[in-house]
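Each chain is listed here by its residues.
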Amino acid sequence: MVNGGGEKGVLELGTAPNPGIGLALGGGMARGFAHIGVLKCLDRHGIKPAILAGTSIGSVVGAAYLVGKLQVLEDWALSLNRLKILSYLDIRVRSAGMIGGSRLNNLLLEHFKDTMMEDLPIPFVTVAADLKTGHEVWIRRGELMKAMTASFALPGVFPPVERNGRLLVDGALVNPVPVAACQALGARMTIGVDLHADIIGKAAKPGQKFQTVAGFDPFSDQDVPPEEQQKINSSLTRRLFRREHNSPSLFGVMISSLGIMQDRMTRSRLAADPPDIHIKPLIGHIGLLEFERAKELIALGDEVCERNIPTIREAMRLFLPRDTDGGKKK
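Residues numbered from 1 in each chain as written. Predicted model: local features only at pLDDT ≥ 70, side-chain atom pairs only at ≥ 80, totals over all residues. Heavy atoms only, no water.

A. Representation of the overall build of the protein chain within the structure. A count of helices and strands for the protein chain gives 11 helices and nine strands. Relative to its full complement of 330 residues, the protein chain shows a buried share of 57%. Here the contacts in the protein chain between residues at least 6 apart in sequence split such that 76% fall between residues at least 24 apart. With an accessible surface of roughly 14300 Å², the protein chain has 54% of that area assigned to carbon and sulfur atoms. (Helix = DSSP H or I, 4+ residues; strand = E, 2+ residues; numbered from the N terminus. Buried < 20%, exposed > 50% of the residue type's maximum accessible area, 1.4 Å probe, protein only. Contact = heavy atoms within 4.5 Å. Areas by Shrake-Rupley, 256 points an atom, 1.4 Å probe, with all protein chains shown as cover.)

Listed below in structure tokens is the structure:
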């Protein structure tokens, strides 16, 4: 396993100066908004992670939390609707990814530009995958913005990110819930937030043979209101990605297939590296691209975390030294 910041390996990552709780935020595309609810709940109870690791959307939410902009992210998420989501789709047909990502990158730059990972208040790891070797890459140093974009560069959707001579793609391909990174950094106890606990076969409309990845199909006339169709880049794009009635689109098949793969990978990785506390929001009924359902996702994340607070407290009494509380002095 290689660290994307140029270090030789995991053993040279170092440990947190005051190791306590390691929080691993998993990947799951739109479902990642549930992480906001989890973090708000932990904060409400005074439970602070001493180490944080994120994969894909987990790296984005984790970064927002660490730079003090979780509320900004929540406000943006709650503002999303179909029209706004379409405005971020800068479709590219002849590219390594269907979505160029420039519009999304510009948005992220407003809040994360010039932020270095070394300057964050606690150790933070983002997970990506080396497109050539398939190796899991842990990024701990350098530009936060670039580390985040590498971690959520979903193959076929966003183009790979070049870093230190490697082409990096979405970390959920190799480690959907990065508990191992927290353990390697010396966390005394770990909390893993798993967004794939009930994913398979759930997000389907009544009578539909396939999972719904979005509340609407941006490439289908039947799902996009006329006033929104003008936001789709070209008639060529619509012809390429339009789906027939009661059948999935090419885009939908690709995203659902990745979801299945991530579900299986999550089960395998968590069996090998189980967290001490496994938080599992029941969000399988929400499509992977239903970003407009942020309010529901945040509430479900908060709700499941609240149910786990007694268990987390008990684990803290067991695993943490008496002079620490989640990595913070009492």
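Next, the rest of the story.
B. Region of interest: helix H6 (residues 144-151). When you tally the buried positions in H6, you get seven out of eight residues, the bulk of the element. Along H6, the residues classified as buried are Leu144, Met145, Ala147, Met148, Thr149, Ala150 and Ser151.

C. Quick peek at the pattern of salt bridges. The final tally for this structure, using the stated rule, is 11 salt bridges. For lysine 40, the salt bridge goes to glutamate 74, with nearest N and O atoms at 3.1 Å. Remark: glutamate 74 occurs in helix H3 (residues 70-79) and lysine 40 occurs in helix H1 (residues 34-44); sequence separation between them is 34 residues. The closest approach of N and O atoms between glutamate 296 and arginine 293, which form a salt bridge, is 2.9 Å. For arginine 293, a relative accessible area of 24% translates into the label partly exposed. Taken together, the shared-partner salt bridges in this structure form one network comprising Arg44, Asp302 and Glu306. (Salt bridge = Lys/Arg side-chain N within 4 Å of Asp/Glu carboxyl O.)

D. Representation of the environment of isoleucine 312 within the structure. Counting through the fold element by element, isoleucine 312 comes out in helix H11 (residues 294-319). With relative accessibility at 0%, the residue isoleucine 312 sits in the buried group. Along the sequence, isoleucine 312 and histidine 278 sit 34 residues apart, while their C-alpha atoms lie 9.7 Å from each other.

E. Structural context of the packing of aromatic side chains. Scanning the model with the defined rule gives three aromatic pairs in all. Between phenylalanine 33 and tryptophan 76, the aromatic rings sit 6.5 Å apart at their centres with planes inclined by 75°, giving edge-to-face as the arrangement. Of the two residues, phenylalanine 33 sits in the loop between strand E2 (21-25) and H1 while tryptophan 76 sits in helix H3, which places them 43 residues apart along the sequence. For phenylalanine 33, a relative accessible area of 2% gives the class buried. Using a relative accessible area of 21% as the deciding quantity, one classes tryptophan 76 as partly exposed. What links up through ring pairs into an aromatic cluster is the set Phe33, Trp76 and Phe291. (Phe/Tyr/Trp six-rings, centres within 6.5 Å; stacked < 30°, edge-to-face > 60°.)

F. Looking closely at the confidence of the model for the protein chain. Averaged over every residue, the pLDDT of the protein chain is 79; the share at 70 or more is 70%. In this model residues 218-222 is a low-confidence stretch, pLDDT under 50, and it forms 17 contacts with partners more than four residues away in sequence or in other chains. Confidence over residues 231-237 falls short of pLDDT 50; this stretch has 11 contacts with residues more than four positions distant or in other chains. (pLDDT = per-residue confidence, 0-100.)

G. The side chain of aspartate 194, seen in detail. Looking at the secondary structure, you find aspartate 194 in the loop between strand E8 (189-193) and helix H8 (226-229). Nearest to the buried, unbridged aspartate 194 among oppositely charged side chains is lysine 280, at 6.6 Å. Engagement of the side chain of aspartate 194 in a polar contact is seen with the backbone nitrogen of histidine 196, the distance being 2.8 Å. Polar side-chain contacts of aspartate 194 include one of 3.1 Å to the side chain of histidine 278. Residue contacts for aspartate 194: discarding those within four places in its chain leaves Val177, Thr266, Leu270, His278, Ile279, Lys280 and Pro281. (Lys, Arg positive; Asp, Glu negative; His and termini not counted. Polar contact = N/O pair within 3.5 Å; in protein donor to acceptor, adjacent residues only side chain to side chain.)

H. Quick look at H3. Along H3, the positions that sit buried rather than exposed are Leu70, Leu73, Glu74 and Ala77. Projection of H3 onto a plane perpendicular to its axis shows the buried side chains occupying an angular sector of 100°, all on one side. Residues of H3 that are buried in the fold lie against H1, helix H2 (57-66) and H11. (Arc of directions from axis to C-beta.)

I. Quick look at unusual backbone geometry. Positive phi outside glycine occurs at serine 56, with the angle close to 55°. Secondary-structure assignment places serine 56 in the loop between strand E3 (51-55) and H2. At aspartate 114, a residue that is not glycine, the phi angle is positive and equals roughly 70°. For aspartate 114, the position within the fold is in the loop between helix H5 (102-112) and strand E4 (124-130). Classification of aspartate 114 as exposed rests on a relative accessible area of 67%.

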